[in-house]
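Fold and contact review
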Amino acid sequence: MLEIIKEKCTGCTKCVKACSYQAINIIDKIAVIDPDKCVLCNACINACLFQALIIRRLEEATVDKSVYQKVWVFAEQRDNVLSSVVYELLGKGRELADKRNTKLVAVLFGSDVNNLAMELVYCGADEVLAVDHPALKDFTDIPYTEAFVKLIEEFQPEIILAGATHIGRSFIPRVAVKVHTGLTADCTGLDIDPETGNLMQTRPAFGGNIMATILTPNHRPQMATVRHKVMMPLPIDNTRQGLITVVDIPIQKTFTNFKSTRKDISSKINLSEANIVVSGGRGLKEAKNFEMLHTLANQLDGGVGASRAAVDNEWITYPHQVGQTGKTIKPKIYIACGISGAIQHLAGMSSADYIIAINKDKDAPIFQVADLGIVGDLFEIVPKLIKKQV
């Protein structure tokens, strides 16, 4: 924190002029700091001729990292079905656990979900910690957070991975705050630093223009949420054996109650699972033109995606949005119709095995990543593709 040494301060205002954040005022000829505005940039200290300002940094409590062991994967489930991202996390978690010479643990929450425990073992887990409680049957933030924090405090894992899903993004940050550690969100790459043993957490930054690798060297556990469709699951091995532990955790009644869920029925196929995705952008001009994309997608047994521009214009619902603020997908074929190819959109679909772009602008950025580019009017080309499928 920034402090004023009153005996040295003359009220000369040089620090006020140096501060770009308007965090310093002169009151009764003494500088006064607004801690809510101060960012500890040192500009005022450099400007002061009387050495009247000083930054005192609080000493961080040291963490005995040796007591934190094992790699955890949060095994998200809904309606007694594991989320597909869990299999990908187990694949990456297995790799990280082997590099750290430790065990891979799956953490399973729910009510009457113990039948899923062996499935997690078959997919790579050495151990399963299952918390079976009626309050965990349907997801709400507070019970999930409370249960997860208690598990961490008792078992002290070194690394925790969770899917960057609606559930993971909702409660995992709460957990990180309560256990006083860091969290890297929406990771696309994970590895172990061979020198320090720290988890290297890589994610897109600045709109996907750079890839940032983030470390949590001084706190434990190291926590990350991981995007869907960027990690590879392991082959299922029905001969694997593992330890399954049912943990009894008392969960207090909270002020929130689960009422019901309503599934999106605008698409017959889960976009994240589709092998073929036909997406539309601003070039479709209006909502009714998405009908031809639905027709083509149905013929190909695929799903319909969209750019943020199409969703913001309410031409299609948010669950169809592909990109940095939507879904990250990895289909075998991605057909982009009338999508310019903003970097935020590319962040969600550039991992597709084969990309086909249809756009009348030959200079559209989407052509830079496309395997096949078609320069032309989508309102002429897409109907021809539909007719070809009949």
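Keep in mind that this is a model prediction, so the values were computed, not measured.

Thresholds applied
Residues numbered from 1 in each chain as written. Predicted model: local features only at pLDDT ≥ 70, side-chain atom pairs only at ≥ 80, totals over all residues. Heavy atoms only, no water. Helix = DSSP H or I, 4+ residues; strand = E, 2+ residues; numbered from the N terminus. Buried < 20%, exposed > 50% of the residue type's maximum accessible area, 1.4 Å probe, protein only. Contact = heavy atoms within 4.5 Å. Lys, Arg positive; Asp, Glu negative; His and termini not counted. Charge placed at Lys NZ, Arg CZ, Asp CG, Glu CD. Expected span 1.5 Å × (residues − 1). Phe/Tyr/Trp six-rings, centres within 6.5 Å; stacked < 30°, edge-to-face > 60°. Core = buried A, V, L, I, M, F, W, Y, C linked by side-chain atoms within 4.5 Å. Pairing = 2+ DSSP bridges. Axes fitted to C-alpha atoms, helices over the stretch in contact; angles between N-to-C directions. Parallel < 35°, antiparallel > 145°, perpendicular 65-115°, else oblique. Left-handed = near helix turned anticlockwise from the far one by under 90°. Salt bridge = Lys/Arg side-chain N within 4 Å of Asp/Glu carboxyl O.

**Remarks on the overall build of the chain**
When you go through the chain residue by residue, the secondary structure sums to 10 helices and 21 strands. For the chain, with 390 residues in total, the buried portion stands at 47%. A separation threshold of at least 6 residues defines the contact pool for the chain, and within that pool the share at least 24 residues apart is 63%. Looking at the chain, you have 43 positive and 43 negative side-chain charges, and the mean spots of the two groups are 5 Å apart.

**Brief notes about helix α5 (residues 141-155)**
With 15 residues, α5 should cover 21 Å at 1.5 Å per step; its first-to-last C-alpha distance of 21 Å lies within 8% of that length. Here α5 has its buried residues at D141, P143, Y144, T145, E146, A147, F148, V149, L151 and I152. On its buried side, α5 packs onto β5 (71-74), β6 (77-78), β8 (104-110), β9 (127-132), β10 (159-163) and α6 (166-178). Just beyond α5, the residue with positive phi is Q156, at close to 50°.

**So, the packing of aromatic side chains**
Scanning the entire structure with this criterion turns up 12 aromatic pairs. An angle of 55° between the planes, with centres 5.9 Å apart, marks the rings of F139 and F171 as tilted. Pair noted here: F139 is in the loop between β9 and α5 and F171 is in helix α6, with a separation of 32 residues, a long-range link. On the basis of relative accessibility, which here comes to 0%, the residue F171 falls in the buried class.

**Some points on the nonpolar core**
A general feature of soluble globular proteins is that nonpolar side chains tend to end up buried together. Grouped together as the largest cluster of nonpolar side chains are 31 residues, with contacts concentrated most on L90, L108, L120, V128, L161 and L190. Contributing elements (two or more residues each) for this core: β5, α3 (84-99), β8, α4 (117-122), β9, β10, β12 (189-192) and β15 (222-226). Considering each element in turn, this core owes the most residues, 6 residues, to α3. With near-sequence residues (within four places) excluded, L120 lies in contact with A75, L82, V86, L90, A106, L108, A125 and V128. Counting 26 residues, the second largest nonpolar core, distinct from the first, contains V131, A147, A162 and M223.

**Quick look at the sheet that holds strand β21 (residues 372-375)**
Reading across from one edge, β18-β17-β19-β20-β21 is the order of the 5 strands in this open sheet, with parallel pairing throughout. Looking at strand neighbours, the two that pair on one side only are β18 (303-306) and β21, the edges of this open sheet. Direction aside, the axes of adjacent strands within the sheet are offset by 20° on average. Note that strand β17 (residues 276-280) and strand β19 (residues 333-337) share 5 bridges and pair parallel. Opposite G280, over in β19, you have C337 as the bridge partner.

**Let's talk about the pairing of β10**
Counting buried residues along β10, 5 of its 5 residues qualify, which places the element largely inside the surrounding structure. Neither face of β10 is open: one carries I159, L161 and G163, the other I160 and A162, and all of them are buried. Pairing geometry for β5 and β10, over 3 bridges, is parallel. By the bridge assignment for β10, V73 is matched with L161.

**Examining the packing of α5 against α6**
The angle between the axes and the distance between the axes are what describe a pair of packed helices. Where α5 meets α6, the axes come as close as 9 Å, and the angle between the chain directions of the two elements is 45°. As summarised for this structure, α5 and α6 are arranged oblique, according to the angle between their axes. Two packed elements cross with a definite hand, and for α5 against α6 that hand is right-handed. Within the contact between the two elements, α5 uses D141, Y144, T145, F148, V149 and I152 and α6 uses S170, F171, R174, V175 and K178.

**Details of unusual backbone geometry**
Note on backbone geometry: most residues besides glycine have negative phi, and most peptide bonds are trans. With omega at 0°, the peptide bond leading from R220 into P221 counts as cis. Along the chain, P221 falls in the loop between β14 (210-214) and β15. At T13, a residue that is not glycine, the phi angle is positive and equals roughly 75°. Within the secondary structure layout, T13 lies in the loop between β1 (2-4) and α1 (14-18). Located in the positive-phi region is Q22, a residue other than glycine, with phi close to 55°. Within the element layout of this structure, Q22 appears in the loop between α1 and β2 (24-27). Under the relative-accessibility criterion, Q22 is labelled exposed at 63%.

**Quick look at the pattern of salt bridges**
One pass over the full model with this rule turns up 15 salt bridges. Ionic pairing is found between K70 and E127, a salt bridge with its closest N-O pair at 3.1 Å. Placement of the pair is K70 in the loop between β4 (53-55) and β5 and E127 in strand β9, with a sequence separation of 57 residues. A relative accessible area of 11% means that E127 is categorised as buried. For the salt bridge of D312 with R308, the shortest nitrogen-to-oxygen distance reads 3.3 Å. Taken together, the residues D312 and R308, both in helix α8 (residues 308-312) and 4 residues apart, mark about one turn of the helix. Here R308 falls in the partly exposed class, since its relative accessible area comes to 47%. One continuous salt-bridge network, built from bridges that share partners, spans K92, E95, K99 and D191.

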